[in-house]
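One letter stands for each residue in the lines below.
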Amino acid sequence: MRTAAALLAGRAAGWVSRATGRGAGTQVSGRVMLAIDPQLLTEVARGRRVAIVSATNGKTTTTRLLAEALRACGTPIVTNHTGANMPAGVAAALGRDPEPDVAILEVDERWVPKVVDPLDAEVLILGNLTRDQLDRFGEVRSIATRWRVVSDTHPKIAVVANASDPHVVWSVGAHANVTWVALGAPWRSDAATCPECAGLLTWSTDAFHCDHCGFTQPASAYRLDGDTLVTPKGDVELALQLPGDWNRMNAALALTTAIAYFDADVTRALGGMRAVEVVSGRFSTCRLSDGRDARVLLAKNPAGWTEVLRWLEPRAGAVVLAVNAHIADGRDPSWLWDVPYELLRDKAVAASGERALDVAVRLDYGGVDHIVEPDPLRAAARLVGEVHIIASYTQFTHLTRESW
Amino acid sequence: MTRDSAVRVGLVFPELLGTYGDRGNAVVLVERCRRRAIEAELVEVAAGEPIPASLDIYLFGGGEDDAQVMAAAGMCASRLAIDAARAHGAVVFAVCAGLQLLGSTYEASGGRILDGLGLVDLSTRSGDGRLIGECVVQPDASTGLPILTGFENHGGRTTLGPGVTPLGRVTVGRGNGVDGVDGVLADHLLGTYLHGPALPRNPALADHLLAWVLGEDALTPIDDQLVDRLRAERLHDAQLTGLAARRRDWHLNRG
């Protein structure tokens, strides 16, 4: 009874939020539900097979790709597709769709320990841990420690994890039921020291090792090599529509889970993943005042920015860098100096967002010519040809609200 | 003053002490030399390598707990080289974890009290809660520096020994978290809790360090209009933050 009331009130709140244009309604809807019935997560997850996807970068896309892979194999899926990944968002997603037996849920990395038990999760899918919004989240190590507690106290849960990320590997500990997939480590700056003994990690081209305590990259049955996922049953070409190496990594993690844990048919699963063009506004386009479309890319932290810039560098066209520093972006934009904006030297560039001047100073010292225009759409309109807008989180949600 | 060699700006252990864009401080120092047609070079000292005595400026940045302990070990092992460099006029600029390591002791995770380099008389303990937010520092008058803007994010409480001069008085934020001051100031040595990073936001501070190496006369003016706009924006923002904090404290005191 209480659960029913909570669901009803929550849906009403979500409808009001959407109708008044305040947001997607998921967050407020879930908050109302949980306020009325704190046991709601348990209730709405009861009897379902729950998979939790978490990472610093890529969790929304990985969740979507896994959901689509399984749907293509004929499995009905419930998922929090709008990226509302805290307990309220998870409750709202599950409450909205009571039918499907399988739930693929993106969970904020800090919240994983709090929701594993209420959801009675069956499988944990762990992508990567890098620096992200240090003023809010604390440091990489503290999140790895929280995940480690989950692994240590849930010996029966299945884990699918990225073997190339030292913090992820450490967070899984000596867990017995792990499927490792080596996704490669393009961003190593947040993993200089060994998570086990704090000694200096040694990196070879494709693996890490600690000479002090022997902590080392685990052998993995699954491995991403360029666009190919190497699996025990043979090589699989990903050929996604989604751009960039980072999405190959998301897809490799999703496909490994689909194959190794859900026994999915590879061809059908791939078909589902390849059909994905836009994920919660990511890679969507914005119409400019002159009729052109600008593609919008999300970059939340140094690792994410670096991946996006490497992808953009060989491409033609202009670039708008739209940076805010609200709580959801991280209030300290010092990280701008850890990102190789020098890669943009040959392009037309605009410094934009509420922190356009921080971006501009960074570009100036990096020898990148640029204009300064705080409004990203106006900035894009001032640049010639094809335009990509790379946006921090709150800039991104503002620009892509229509396409969610 | 003329030099027969490039200014060597050393970024010490960037993998360990580079959590908060600390590389930016090195980039700014090198670039401000080049804009004055003074040769400069960025030297990265990788973690695990000895710190050479041949650098003109030593930059110690911010880092996570474990990384700070590793960095401290490496720095203490190279103590003789650092001393030799300083005896020849080299400059030390340290931020956050780096500032803590200038002192005699600091507190690592689990409450362990460990030795720092002991270049100046200060010591750091962990405090109750992290100090996070925009921070404004009125520098010690002897420096002639304008007001400094930055962003602090740390859990340390740093106490200066008797007679040790802070970098300045904190007008917004907490700085050292003790006595209303930030950082430390000594001959050819400067430490602060300010990120942002500090030198991109405060070009005069960058030039202050360069003057120690090159002499005042070498520092011809540079067009800093863009940075000045950023500084005005940040200082305005910090004043609003500061007002809000004071209003909150006032309400707390009443309640």
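Scroll up a little and you will see the structure.
The text that follows walks through the structure, step by step, so that each part is easy to find. Please read these numbers as outputs of a predicted model, since none were measured by experiment.

When helices and strands are tallied, chain B shows 7 helices and 12 strands. Taking 255 residues into account, the globule formula puts the C-alpha radius of gyration at 18 Å, and chain B, at 18 Å, falls close to it. Taking the principal axes of its C-alpha atoms as reference, chain B extends roughly 65 × 45 × 30 Å. Of all 255 residues assigned to chain B, the portion counted as buried reaches 57%. A fraction of 68% describes how many contacts in chain B between residues 6 or more apart in sequence connect residues 24 or more apart. When the accessible area of chain B is evaluated, it comes to approximately 10,400 Å², of which 50% is carbon and sulfur surface. Of the side chains in chain B, 23 bear a positive and 32 a negative charge, and the two mean positions are spaced by 7 Å.

Residues and elements named next belong to chain B. Along the polypeptide, Phe13 turns up in the loop between β1 (7-12) and α1 (23-34). A residue is classified by how much of its surface remains accessible, and Phe13, at 2% relative accessible area, is buried. Ignoring sequence-local partners within four residues, the contact set of Phe13 consists of Val45, Ala46, Ala47, Gly48, Glu49, Ile51, Ala71, Gly74 and Met75.

As for its position among the elements, Asp358 of chain A is in helix α13 (residues 356-365). At 2.8 Å, the side chain of Asp358 of chain A forms a polar contact with the side chain of Arg355 of chain A. Those residues in contact with Asp358 of chain A that sit more than four places away from it in its chain are Pro333 and Leu336 of chain A together with Arg201, Leu230, Glu233 and Arg234 of chain B.

Here is what the cut-offs are and how they apply
Within each chain, residue numbers correspond to sequence positions counted from 1 in written order. Each chain is given a letter, starting from A, and each ligand a number, starting from 1, according to the order in which they appear as written. A pLDDT threshold of at least 70 governs which residues receive local features in this predicted model, and a stricter bar of 80 or more applies before side-chain atom pairs are shown or counted, although totals over entire chains, interfaces and linings include all residues. Each side-chain value is derived from all of the structure's non-hydrogen atoms; neither hydrogens nor water enter the calculation. Working definition: helices are DSSP H or I runs of at least four residues, strands are E runs of at least two. Numbering for both runs from the N terminus. Taken over C-alpha atoms, the radius of gyration is set against a globule rule of 2.2 Å times the number of residues to the power 0.38. Think of it in three bands: with a 1.4 Å probe and only protein chains considered, a residue is buried below 20% of the maximum accessible area for its type, exposed above 50%, and partly exposed in between. Every residue pair with non-hydrogen atoms within 4.5 Å of one another is taken to be in contact. For the accessible areas, the method is Shrake-Rupley and the probe is 1.4 Å, while residue cover comes only from the protein chains on display. Positive charges are assigned to Lys and Arg, negative charges to Asp and Glu, while His and the chain termini are left out of the count. Each charge is placed at NZ for Lys, CZ for Arg, CG for Asp and CD for Glu. Pairs of N or O atoms are called polar contacts if they sit within 3.5 Å, as long as, within protein, a hydrogen donor faces a hydrogen acceptor (for residues adjacent in sequence, only side-chain-to-side-chain pairs).

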